[in-house]
Amino acid sequence: MKKLYFVLVSGILLSATSCSGIYSVRSARSTSFAPDEVRLSLSMSDMEFLGETEISTFTRVYFGIIFRLDSLNGQEYDRRAVTRVHLRGEKDVNLPRVMKKALYKAMDDYPEADYYMPVYVKTERERMFLGRYVTRKALIRAYRIRKVEVSGEVSEEITEEVSVPTE
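Here the structure is a predicted model, which means the values were calculated and not measured.

Definitions and limits used
- Residues numbered from 1 in each chain as written.
- Predicted model: local features only at pLDDT ≥ 70, side-chain atom pairs only at ≥ 80, totals over all residues.
- Heavy atoms only, no water.
- Core = buried A, V, L, I, M, F, W, Y, C linked by side-chain atoms within 4.5 Å.
- Buried < 20%, exposed > 50% of the residue type's maximum accessible area, 1.4 Å probe, protein only.
- Helix = DSSP H or I, 4+ residues; strand = E, 2+ residues; numbered from the N terminus.
- Contact = heavy atoms within 4.5 Å.
- Pairing = 2+ DSSP bridges.
- Patch = residues over 30% accessible without salt bridge, like charges linked within 9 Å, V, L, I, M, F, W, Y side chains within 5 Å.
- Areas by Shrake-Rupley, 256 points an atom, 1.4 Å probe, with all protein chains shown as cover.
- Salt bridge = Lys/Arg side-chain N within 4 Å of Asp/Glu carboxyl O.

Novice: Can you lay out the nonpolar core for me, pointing to particular residues and giving the numbers?
Specialist: Within the largest apolar cluster, 17 residues are counted, with the highest numbers of intra-cluster contacts made by Ile55, Leu87, Leu103, Tyr116 and Ile140. Of all the secondary structure elements, the ones that give two or more residues to this core are strand S2 (66-72), helix H2 (97-102) and strand S5 (131-145). Residue contacts for Ile55: discarding those within four places in its chain leaves Asn73, Met99, Ala102, Leu103, Lys105, Arg136, Lys137, Ala138 and Ile140.

Right, here's the structure in full:
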């Protein structure tokens, strides 16, 4: 019994000491040589409006925790073929998760667009006993950056020679 106790205590101590180690962290100041701010100023006059499309979803919610997606854009939802679109920008566009599944319609309608802007999301709830029907509709506008025609002439550039002082 004493040998078993000795082996168990030795094993526990050995395993506890084998986990210890030296963990050191060093920190140093660093900087990037990239510019702090790069700005591209675009206005609505630089954009070309391509059109707008409406996307929609129909879901059922039971007991507040069971969600059933029935249709996307007026078509029955196929759970085996899921397509999601994430809109990114300076600030992420907050569309409901099910609306991201329906957003493919805007990309199919206007594939040449550079920007897709959600205008509004309208939610209609029909309450039932221990559940509800939820219909969401969103209006998405598609924009493209205008093409700027540049003439074939070479623009005047400042070509000054800069002398670098040597030591």
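Novice: Help me get a handle on the sheet that holds strand S3 (residues 75-76), residues and values and all.
Specialist: In space, the five strands of this open sheet follow the order S3-S2-S1-S5-S4, with antiparallel pairing throughout. With one partner strand each, in any of the chains shown, S3 and strand S4 (115-128) form the two edges of the open sheet.

Novice: Lay out unusual backbone geometry in plain terms, naming residues and giving numbers.
Specialist: We note that Asn73 has phi near 55°; this positive angle belongs to a residue other than glycine. Relative to the elements of secondary structure, Asn73 occurs in the loop between S2 and S3. Look at Leu130: it is not a glycine, yet its phi comes out positive at around 60°. Checked against the element boundaries, Leu130 lands in the loop between S4 and S5.

Novice: Which residues make up a nonpolar patch on the surface, and what values do they have?
Specialist: A surface patch of nonpolar side chains, about 620 Å² in accessible area, is lined by Phe63, Ile65, Ile66, Phe129 and Leu130. The exposure class of Phe129 is exposed, given its relative accessible area of 76%.

Novice: Which residues make up the pattern of salt bridges, and what values go with them?
Specialist: Evaluation of the coordinates by the stated rule reveals six salt bridges. Residues Asp70 and Arg68 are paired through a salt bridge, measuring 3.8 Å at the closest nitrogen-oxygen approach. Residue classification places Asp70 among the buried positions, given a relative accessible area of 18%. A relative accessible area of 39% means that Arg68 is categorised as partly exposed.

Novice: Go over the side chain of Ser71 with me, naming the residues and quoting the values.
Specialist: With respect to the element layout, Ser71 can be found in strand S2. The class of Ser71 is buried, set by a relative accessible area of 18%. Beyond its immediate stretch of four places on either side in the chain, Ser71 contacts Ser56, Thr57, Phe58, Glu76 and Tyr77.

Novice: So, the environment of Leu95: which residues are in play, and what are the values?
Specialist: Note that Leu95 resides in the loop between S3 and H2. For the pair Leu95 and Pro118, spaced 23 residues apart in sequence, the C-alpha separation works out to 8.3 Å. The residues contacting Leu95, other than those within four sequence positions of it, are Leu87, Lys100, Leu103, Pro118 and Val121.

Spatial relationships are all this shows, so hold off on functional conclusions.
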